[in-house]
Amino acid sequence: MRLRAPLRGKDLLKEVPRVQRYVARPGLAEIFKDKKRGRERRNEEMIYRAYVDHGYRMGEIAEYLGVHYTSISRAIKRVENLRSQRVTM
């Protein structure tokens, strides 16, 4: 937890290697510990969080979940579309 505060500006640190930028990120098992069948919207939100907030690559998430990376891409796109609809309302 002590490492998270110095990494808050990680978006500004483009020259720092990816491995070092995301050293304090939670593991995929932790992110998806509450994943449930039949809760696709919630699961897609977890996928989005893993990708956007924690910097996991689509391929990493896909491999962990046992799906093709295009499924991850589509899930992220659906969440982005939902969020943009909420903003415009």
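Our structure's up above, just so we're on the same page.
To keep things clear, this report deals only with the structure shown in the data block. (Residues numbered from 1 in each chain as written. Predicted model: local features only at pLDDT ≥ 70, side-chain atom pairs only at ≥ 80, totals over all residues. Heavy atoms only, no water.)

### Regarding the packing of aromatic side chains
Just so we agree on the cut-off: Between the rings of Phe, Tyr and Trp (Trp by its six-membered ring), a pair exists once the centres lie within 6.5 Å; its type follows the angle of the planes, with under 30 degrees stacked, over 60 edge-to-face, and the other angles tilted. Only runs of H or I of at least four residues qualify as helices and only runs of E of at least two qualify as strands under DSSP, and these elements are numbered from the N terminus.
Summed over the entire model, instances satisfying the criterion amount to one aromatic pair. Seen in terms of ring centroids, Phe-32 and Tyr-64 are 5.9 Å apart; in terms of plane orientation they differ by 25 degrees. Their pairing is stacked. With a gap of 32 residues between them, Phe-32 in the loop between helix 2 (28–31) and helix 3 (40–52) and Tyr-64 in helix 4 (residues 58–65) connect regions that are remote in the sequence.

### Overview of the packing of helix 3 against helix 5 (residues 69–88)
Note the threshold: To obtain each axis, a line is fitted to C-alpha atoms, and for helices this fit is confined to the stretch in contact; angles are then taken between N-to-C directions over 0 to 180 degrees. Angles below 35 degrees are treated as roughly parallel, those above 145 as roughly antiparallel, those between 65 and 115 as roughly perpendicular, and all remaining angles as oblique. A contact between two residues is defined here by any heavy atoms of the two lying within 4.5 Å. Residue polarity is assigned by list, with Asp, Glu, Lys and Arg as charged and Ala, Val, Leu, Ile, Met, Phe, Trp, Tyr, Cys and Pro as nonpolar; anything else, Gly included, falls into the polar class.
At a minimum axis distance of 9 Å, the contact between helix 3 and helix 5 shows a crossing angle of 100 degrees. Classified by the angle their axes make, helix 3 and helix 5 are roughly perpendicular. Facing helix 3, whose interface residues are Arg-41, Glu-44, Glu-45, Ile-47, Tyr-48, Arg-49 and Tyr-51, helix 5 presents Ile-72, Ala-75, Ile-76, Arg-78, Val-79, Glu-80, Leu-82 and Arg-83. Classifying every residue of the contact of helix 3 with helix 5 by side-chain character gives eight nonpolar, no polar and seven charged.

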